[in-house]
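# Summary of the model geometry
What follows is each chain in one-letter form.
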Amino acid sequence: MSHSPAAAASGRPEIDGAVFNPYAKDFIRDPHPAWQRLIRDFPLVWHKDLQMWLVNSHALCDEVLKDSRFTPNFRVWELAPPPKAEADKTDFDLAYEKGFFAVSTKDHLRLRRLTLPAFSRPVMAKIEAKIRDLVAECFDALGDAGRFDVYEAIASKLPVRAISRMVGVPTDREEFFHEFAVNIIKATRINISAREREAAVELTKPGFAYFKEQIAQRRTLPHPGEDFLGSLVGASDNGERLDDYEILSVVFALITAGSDTATDLHTFAIHGLLSNLKQYELLKRQPQLMENAIIELLRYGSFGKIPFFRFASEDIDFHGQTIRRGQAVGVNISCAWNDPAKYPDWNQLDLQRRLDGNLVFGAGAHFCIGTYLVRVQGGLMLSEFIRRYPEAELLDGTGELDYDYRHHNARRINRLVVRTNRVSLQQAA
Amino acid sequence: MKKWICIICGHVYDEAKGMPESGIAPGTAFADLPEDWVCPECGSPKESFEPQDE
């Protein structure tokens, strides 16, 4: 295996899985040696096994994310399946085509403009109240447990239920929505086989049918409602409105942006804080740090193993290399969050860190649409955790931490046991 | 004095407040911000901002 850029015929620097294998167990347990090497030796490199360019430094990731020639539209990908005939297109295909990732820059701005009211303060305040109740329910279910698994009790439950409340799904349909969300995410991944993607697309059909019916019902009402879905149905800009597939594309985007990320946020946030008890103490004393803390905990946890995907919409000369039209570009933002050039003390958790110009929620036109939801959800969960378990610690110092090594996207922690120390506190009282 | 909202991320630039921490004095009109100024939240260009209805 090569440990230096291969002398490829094209003259481009190349690596393979020996340098960066996001599926390797060692990498999932500790990605930092590989990431630091990528940043130092291969800020821009072609990955022969992944068949994509990798952009690894903070500065280059920032540049790619803000350059509209690098599109997130996977239909531009040289290995994308051929376009379907109109008659064969599923609701997934039609929503994708109308969505944030696929439309032109001009249409993207129109979509953002029309959807902005759905993310306005009054709508979000109502959603926050619903998520607050949901967080309390999750913790109430634990009772006076002396220990619990954060993944099982919180991380696997809260995120999708929070999105389902945001989009107005009744509680008895949350499991149904969960299935829809899982399949939506799978259907967008280029790192699984085309067959698996199509199978996932097929399984999204009941979910799309459900939301189409909800939208149709709202359209018959004199006023579509002041919740999130109602705001989208009622959105108007100089007489322009969102059509059904545009509204579905927003739900689609929220799911892809908000569910996986939030699942990992909960486990990695608690792991980060309980592995750095001085920082946990600091957050207890200064809850006003919460918003900064959430971003720093996301950065410190760096749980994404697969880079963001972008595709070159034209031949692009980029820092001495030519990225050909249709080639995939992996924007390795989790790696970039640990770039010593941006964060000299990258391996320290510092809840007071100045995070100007961070890429934690991406950057540029496709800045994460689920930002608010993730921040609110993370903040409410941590506040409740601190309130209930101020003396919490990781069981045996490690939390018996384990990973789902087969997860398609993240270094997913699927076991993290916390000792609550509630009983000892009660006894002391 | 107006407020301007970034339609990408929802960040609000308030002309009355400016952004003193970034060297933009209170009272600085949006139009007077440098052309290469970008949204401090998401990095989008000035064109991504629109006047915010009160």
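Within every chain, residues take consecutive numbers counted from 1 along the sequence as written. The order in which chains are written sets their letters, starting at A; the order in which ligands are written sets their numbers, starting at 1. Where totals are concerned, whole chains, interfaces and linings use all residues; where local detail is concerned, this predicted model gives features only for residues with pLDDT of at least 70, and gives and counts side-chain atom pairs only at 80 or more. Remark: hydrogens and water are excluded; side-chain values derive from all non-hydrogen atoms of the structure.

### Details of the overall build of chain A
Broken down by element type, chain A carries 18 helices and 15 strands. Here the C-alpha atoms of chain A give a radius of gyration of 22 Å, agreeing with the 22 Å that 2.2 N^0.38 yields for 429 residues. Between buried and exposed lies partly exposed: a residue is buried under 20% and exposed over 50% of the maximum accessible area for its type, with that area taken using a 1.4 Å probe on protein chains only. Across the 429 residues of chain A, 56% fall into the buried class. Restricting the contact set of chain A to residue pairs at least 6 apart, pairs at least 24 apart contribute 73%. Only the protein chains shown count as covering a residue, and every accessible area follows the Shrake-Rupley method with a 1.4 Å probe. Accessible surface, chain A: about 18400 Å² in total, of which carbon and sulfur atoms supply 50%. Under the scheme used here, helices are H or I runs from DSSP no shorter than 4 residues and strands are E runs no shorter than 2 residues, and both carry numbers assigned from the N terminus. C-alpha atoms define the radius of gyration, and 2.2 Å times the number of residues to the power 0.38 defines the globule rule. Residue contacts follow a heavy-atom distance rule, with two residues in contact if any of their heavy atoms lie within 4.5 Å.

### Overview of the overall build of chain B
Across its full length, chain B holds zero helices and three strands. Ordered by position from the N terminus, the helices and strands of chain B form the series β-β-β. Overall, chain B is about 25 × 25 × 15 Å in size when its C-alpha atoms are taken along their principal axes. Relative to its full complement of 54 residues, chain B shows a buried share of 41%. Long-range pairs, those at least 24 residues apart, make up 42% of the contacts in chain B with a sequence separation of at least 6.

### Observations regarding the confidence of the model for chain B
Residues and elements named next belong to chain B. Confidence of the prediction at every residue is given by pLDDT, a number between 0 and 100. In the predicted model, chain B carries a mean pLDDT of 91, and the fraction of residues at 70 or more is 98%. In the model of chain B, strand β3 (residues 49–51) stands out as the element of lowest mean pLDDT, 91, in contrast to strand β2 (residues 12–14), which has the highest, 95. Of the two predicted TM-score estimates for the complex, the pTM is 0.89 and the ipTM is 0.79.

### With respect to unusual backbone geometry
Residues and elements named next belong to chain A. One non-glycine residue, D396, lies in the positive phi region at around 55 degrees. Locating D396 in the fold gives a position in the loop between β12 (393–394) and β13 (402–403). One non-glycine residue, N421, lies in positive phi territory at about 60 degrees.

### Some points on the interface of chain B and chain A
Between chain B and chain A, the contact holds eleven residues from the first and eleven residues from the second. Summed over both partners, the accessible surface that disappears when two parts come together, traced with a 1.4 Å probe, is what is meant by buried area. Approximately 980 Å² of surface area, both sides summed, lies buried where chain B meets chain A, with 59% of it carried by carbon and sulfur atoms. Among the residues chain B hides against chain A, the three largest losses belong to B:I7, B:I8 and B:E41. Together they make up 52% of the total. We define a salt bridge as a contact between a side-chain nitrogen of Lys or Arg and a carboxyl oxygen of Asp or Glu at a distance within 4 Å. Where chain B meets chain A, there are two salt bridges. Taking the shortest distance from any N to any O, the salt bridge between B:E50 and A:R113 comes out at 2.5 Å. For the purposes of these results, a polar contact is taken to be a pair of N or O atoms within 3.5 Å, where, inside protein, one atom must be able to donate a hydrogen and its partner to accept one; residues adjacent in sequence count only when each atom of the pair is a side-chain atom. Inspection of the chain B/chain A interface yields four residue pairs in polar contact (both at pLDDT 80 or more). Gly falls in the polar group here, along with every residue not listed as nonpolar (Ala, Val, Leu, Ile, Met, Phe, Trp, Tyr, Cys, Pro) or charged (Asp, Glu, Lys, Arg). A class-by-class count of the residues in the side of chain B that touches chain A yields six nonpolar, three polar and two charged.

### Details of helix α14 (residues 277–285) of chain A
Residues and elements named next belong to chain A. When we look at burial in α14, the residues that qualify are Q279, Y280, L282 and L283. All buried residues of α14 fall inside an arc of 160 degrees around its axis, so they share one side. Away from its buried face, by an angle of more than 90 degrees, α14 presents the exposed residues K278 and R285. Elements that come into contact with the buried residues of α14 comprise α13 (244–274), α15 (290–301) and α17 (371–388). The arc refers to the directions leading from the helix axis to the C-beta atoms.

### Notes on the sheet that holds strand β2 (residues 44–47) of chain A
Adjacent strands of a sheet form backbone hydrogen bonds with each other and so pair up, either parallel or antiparallel. Residues and elements named next belong to chain A. In space, the six strands of this open sheet follow the order β1-β2-β3-β11-β8-β4, with mixed pairing throughout. Only two strands of the sheet have a single partner each, and these edge strands are β1 (14–15) and β4 (70–71). Here β1 runs beside β2; their pairing, made up of two bridges, is parallel. If you follow E14 over to β2, its bridge partner there is W46. Pairing between two strands requires that DSSP report at least two bridges joining them.

### What about the nonpolar core?
Residues and elements named next belong to chain A. In this description, a nonpolar core means a group of buried Ala, Val, Leu, Ile, Met, Phe, Trp, Tyr and Cys residues linked to one another through side-chain atoms lying within 4.5 Å. Core analysis: the biggest nonpolar cluster contains 154 residues, and F228, L382 and F385 have the highest contact counts within it. Looking at which element gives the most residues to this core, the answer is α13, with 17 residues. Those residues in contact with F385 that lie beyond four places of it in its chain are F139, F148, I270, L274, Y280, P390, A392 and V418.

### Looking at the sheet that holds β12(A)
Residue and element names in this part refer to chain A. Sheet architecture is open: three strands sit in the order β5-β15-β12, paired in antiparallel fashion. The strands lining the two open edges of the sheet, one partner per strand, are β5 (147–149) and β12. In this structure, β5 lies alongside strand β15 (residues 417–419), joined through three bridges in antiparallel fashion. Across the sheet, residue D149 finds its bridge partner in β15, namely V417.

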